[in-house]
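Report on the structure
Listed here are the chains, written in short residue letters.
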Amino acid sequence: MMRLSDILAPWFHYAGVESASSMSLDSRKVTQGCLFIALPGHQVDGRAYIEQAKAQGAVAALVHTDDPDSHGKVENLGSGITPWPVVNFFQLSSQLSAVAAQFYPLTPQKMALIGITGTNGKTSVSQLIAQLTSLLGGKAAVMGTLGNGLWGQLVDSGNTTADAVTVMAQLHDFDVKGADICAMEVSSHGLVQGRVTAVPFDIAVFTNLTRDHLDYHGDMASYASAKKRLFQFPSLKYALLNLDDDTGAQWFEELAATKRKGFSVSPNAKACYYTDKLHFDDAGVQGDFYYHDFGENAVSQHKARLVSPLLGAFNLSNLLAAIAALHLSGVAMADLLAVTPKLVPVAGRMERFSLPQGASLVVDYAHTPDAIEQALKALRIHCHGQLWCVFGCGGDRDKGKRPLMAQAAERFADKLMVTSDNARSEDPSAIIGDVLKGLTQPENALMEVDRVSAVKRVATLAKAGDIVLLAGKGHETYQEIAGQRLDYDERALALTLSQVTL
């Protein structure tokens, strides 16, 4: 329990005596003793549900106002002996993360907080950080696309980055449960909408920047600016940047030399972490690994052997980011490299399933032009036959990337199957039509609206030595079609196909 007067003390004096046991933005989730947060939203205005929150047991409502003269003013709702306070808060939407941090405090310097942003790779990096920590006997928490929770106990989160109250509440819970580290995916939406503004990140990781979410941000410059906000947090000890990415290399030059650290999959004089003399095979990748140790008075470079069971160069980049982030947080490099061979693929990220005839299905979440390209280039190294790509594009999203995805697939695969992804409210056939327009030889591509039929058809056509990339769905267990979420688990389908004679 915390008094409202203590919660609001950093902003204004509140004379009430109420105490709250929790906070909620959703009136439907309000329970006895909760403080209801009433904000205007994109689709729903929470201020219209104050009465409902009161009826469900909320002790008070903290309400967004755009009137500075109303800041801190209290209006009592209803009549009776005990007043029910509605407390006005000027521009609460932009201050909510800080308010939530006041209510859900973290123990200083106890749990290392690592924020990961970028177009692709956020999930893999966060999951690899948690895996490595767990393999070393530590307790890790994860927040992101695959769910939030302690490692091995993830619960579906709905969004890559949750709302400001949920973020701070869950971080507080991880802290109480003794987590040593929390790896959090930080989306561009989450940064722009202030969902993580008060999170005291220790390390910020940048993976890459390629076209995505332009339906929201408008252009690449705005998208990049949104991502860059993470590297301007005053709490940061280190900014860890992918120097193989043009944006990462640019930001490296712009950031303070005392904080910036770079990583690369090839020798780079500016990188503190890089690899050389790499060998890719069906078992993964191995090569020389160079890294810096940062002593109190000097920096020393070391060389070691890196052995990873993960497929592809981009997964190597994700692994370097995870290893470097943990090393910067104080984990010994020798310990990290000792457990790296024990890693397993992240769910729906370059997950391989062997078909009876000797072909392979690889399930990956690739849903941007660059992700398609990187996944196909990674698999080309392992492919001894023809490389297939099964993909579609989402509805109600950036239509401009549809032909770009088609171009990437056509350029780097030998055979294409164009099918559905999450069509949402759009006609799946119309989306496929947009994709086909991006191909120079659309007549050579197979087309099947039903995704299950498409996957089964290609699995039947693939021959020994072929690799089939199933791109776009990854870990997801549904398809959104005509406004409905239908059960569809591509990993389960791939597993079933690997166990039957086609």
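Residues numbered from 1 in each chain as written. Predicted model: local features only at pLDDT ≥ 70, side-chain atom pairs only at ≥ 80, totals over all residues. Heavy atoms only, no water.

**Observations regarding the overall build of the protein**
- When helices and strands are tallied, the protein shows 16 helices and 25 strands.
- Expressed as lengths along the three principal axes of its C-alpha atoms, the size of the protein is roughly 80 × 60 × 40 Å.
- Within the span of the protein, comprising 502 residues, buried residues form 54% of the whole.
- In the protein, once contacts between residues fewer than 6 apart in sequence are set aside, the share between residues at least 24 apart is 65%.
- Just so you have it, the protein exposes about 21200 Å², and 49% of that area is on carbon and sulfur atoms. (Helix = DSSP H or I, 4+ residues; strand = E, 2+ residues; numbered from the N terminus. Buried < 20%, exposed > 50% of the residue type's maximum accessible area, 1.4 Å probe, protein only. Contact = heavy atoms within 4.5 Å. Areas by Shrake-Rupley, 256 points an atom, 1.4 Å probe, with all protein chains shown as cover.)

**What about the sheet that holds strand β13 (residues 238–242)?**
- Pairing in this open sheet of ten strands is mixed, and the strands run β10-β9-β11-β8-β12-β13-β14-β15-β16-β17 from one edge to the other. Each edge of the sheet is formed by a strand with only one pairing partner; in this case those strands are β10 (147–150) and β17 (299–308). Direction aside, the axes of adjacent strands within the sheet are offset by 15° on average.
- Judged from the seven bridges that link them, strand β15 (residues 273–281) and strand β16 (residues 284–294) form a sheet pairing that is antiparallel. The partner of threonine 275 across the bridge, within β16, is phenylalanine 289.
- Along the sheet, helix α9 (residues 246–254) makes contact with β12 (203–206), β13 and β14 (260–264), crossing β13 at roughly 145°. (Pairing = 2+ DSSP bridges. Axes fitted to C-alpha atoms, helices over the stretch in contact; angles between N-to-C directions.)

**Thoughts on the domain arrangement of the protein**
- Its domain assignment divides the protein into domain 1 (2–101), domain 2 (104–342) and domain 3 (351–499).
- On a C-alpha basis, the centroid separation for the pair domain 1 and domain 3 is 47 Å. (Domains from an automatic or database assignment.)

**Considering the packing of aromatic side chains**
- Tallied over the full model, the rule gives nine aromatic pairs.
- When the ring of phenylalanine 206 is compared with that of phenylalanine 231, the centres are 6.3 Å apart and the planes differ by 75°; the resulting orientation is edge-to-face. With phenylalanine 206 in strand β12 and phenylalanine 231 in the loop between α8 (220–228) and β13, the pair connects residues that are 25 residues apart, well separated along the chain. This pair shows no difference in class: phenylalanine 206 is buried, exactly as phenylalanine 231 is. (Phe/Tyr/Trp six-rings, centres within 6.5 Å; stacked < 30°, edge-to-face > 60°.)

**Topic: helix α12 (residues 369–380)**
- The terminal C-alpha atoms of α12, which comprises twelve residues, lie 17 Å apart, in line with the 16 Å expected from a rise of 1.5 Å per residue.
- Among the residues of α12, those classed as buried are Pro369, Asp370, Ala371, Ile372, Ala375, Leu376, Ala378 and Leu379.
- Turning to α12, the residues buried within the fold contact α10 (313–328), β19 (360–364), β20 (387–391), α13 (401–412) and β23 (467–471). (Expected span 1.5 Å × (residues − 1).)

**Digging into the side chain of glutamate 185**
- Relative to the helices and strands, glutamate 185 is located in strand β11 (residues 181–185).
- Buried and without a salt bridge, glutamate 185 has lysine 122 as its closest oppositely charged side chain, separated by 5.0 Å.
- Within the structure, the side chain of glutamate 185 is placed 2.9 Å from the side chain of threonine 123, a separation counted as a polar contact.
- Non-local contacts of glutamate 185, meaning those with residues more than four positions away in its chain, are made with Ile116, Lys122, Thr123, Ser126, Met143, Gly144, Thr145, Leu146, Thr160 and Thr161. (Lys, Arg positive; Asp, Glu negative; His and termini not counted. Salt bridge = Lys/Arg side-chain N within 4 Å of Asp/Glu carboxyl O. Polar contact = N/O pair within 3.5 Å; in protein donor to acceptor, adjacent residues only side chain to side chain.)

**Comments concerning the UniProt feature "binding site: UDP-N-acetyl-alpha-D-muramoyl-L-alanyl-D-glutamate" (unreviewed entry) in the protein**
- Under the present numbering, the feature "binding site: UDP-N-acetyl-alpha-D-muramoyl-L-alanyl-D-glutamate" (unreviewed entry) in UniProt falls on Leu25, Ser27, His42, Gln43, Val44, Asn159, Thr160, Thr161, Ser187, Gln193 and Arg195. Spatially, the listed residues are scattered: they cover 171 residues, and their C-alpha atoms lie as much as 25.3 Å apart.
- Every residue in contact with valine 44, bar those within four places of it in the chain, is listed here: Leu39 and Tyr49.
- Considering the arrangement of structural elements, one finds glutamine 193 in the loop between α6 (188–192) and β12. (UniProt positions renumbered as here; feature names shortened; annotations may be inferred.)

**Quick word on the UniProt feature "domain: Mur ligase C-terminal" (unreviewed entry) in the protein**
- Under the feature "domain: Mur ligase C-terminal" (unreviewed entry), the UniProt entry names residues 348–474.
- For residues 348–474, the helix share is 35%, the strand share is 20%, and the end-to-end C-alpha distance is 4 Å.

**Here's the deal with the pairing of β23**
- Among the five residues that make up β23, five are buried, leaving the element largely enclosed by the rest of the structure.
- Side chains of β23 alternate between two faces, with Ile467, Leu469 and Ala471 and Val468 and Leu470 buried alike.
- Bridging between β19 and β23 involves five bridges; their strand directions are parallel. Opposite valine 363, over in β23, you have leucine 470 as the bridge partner.
- Relative to β23, β20 is paired through four bridges, and the arrangement is parallel. Of the residues in β23, the one forming a bridge with tryptophan 388 is valine 468.

**Concerning the state of the cysteines**
- Across all of its chains, the model carries zero disulfides by this definition.
- Cysteine 389 forms no disulfide, and the closest cysteine sulfur to it belongs to cysteine 393, at a distance of 10 Å. (Disulfide = S-S within 2.5 Å.)

**Some remarks on α8**
- Taken as a whole, α8 has its buried residues at Tyr223, Ala224, Ala226 and Lys227. Taken end-on, α8 shows its buried residues confined to a sector of 155°, consistent with a single buried face.
- With a side-chain oxygen positioned 3.2 Å from the backbone nitrogen of alanine 221, the residue opening α8 is aspartate 219. (Arc of directions from axis to C-beta.)

**Side note on the nonpolar core**
- Ranked by internal contacts, the top residues of the largest apolar core, which has 59 residues, are Leu171 and Phe201.
- Here the element with the most residues in this core is helix α5 (residues 164–176); it accounts for six residues.
- If you count residues domain by domain, this core takes at least three from each of domain 1 (2–101) and domain 2 (104–342).
- Leu306, Ala322, Leu326 and Leu336 belong to the second-largest nonpolar core, a separate cluster that totals 42 residues. (Core = buried A, V, L, I, M, F, W, Y, C linked by side-chain atoms within 4.5 Å.)

**Comments concerning the packing of α12 against α13**
- Two elements in contact, α12 and α13, have axes whose closest approach is 8 Å; the angle formed by their N-to-C orientations is 10°. Looking at the two axes, α12 sits roughly parallel to α13. Of the residues in α13, those touching α12 at Pro369, Ile372, Glu373, Leu376, Lys377 and Arg380 are Lys401, Leu404, Met405, Ala408, Ala409 and Phe412.
- Class assignment of the residues belonging to the contact of α12 with α13 gives a composition of eight nonpolar, no polar and four charged. (Parallel < 35°, antiparallel > 145°, perpendicular 65-115°, else oblique. Nonpolar A, V, L, I, M, F, W, Y, C, P; charged D, E, K, R; others polar.)

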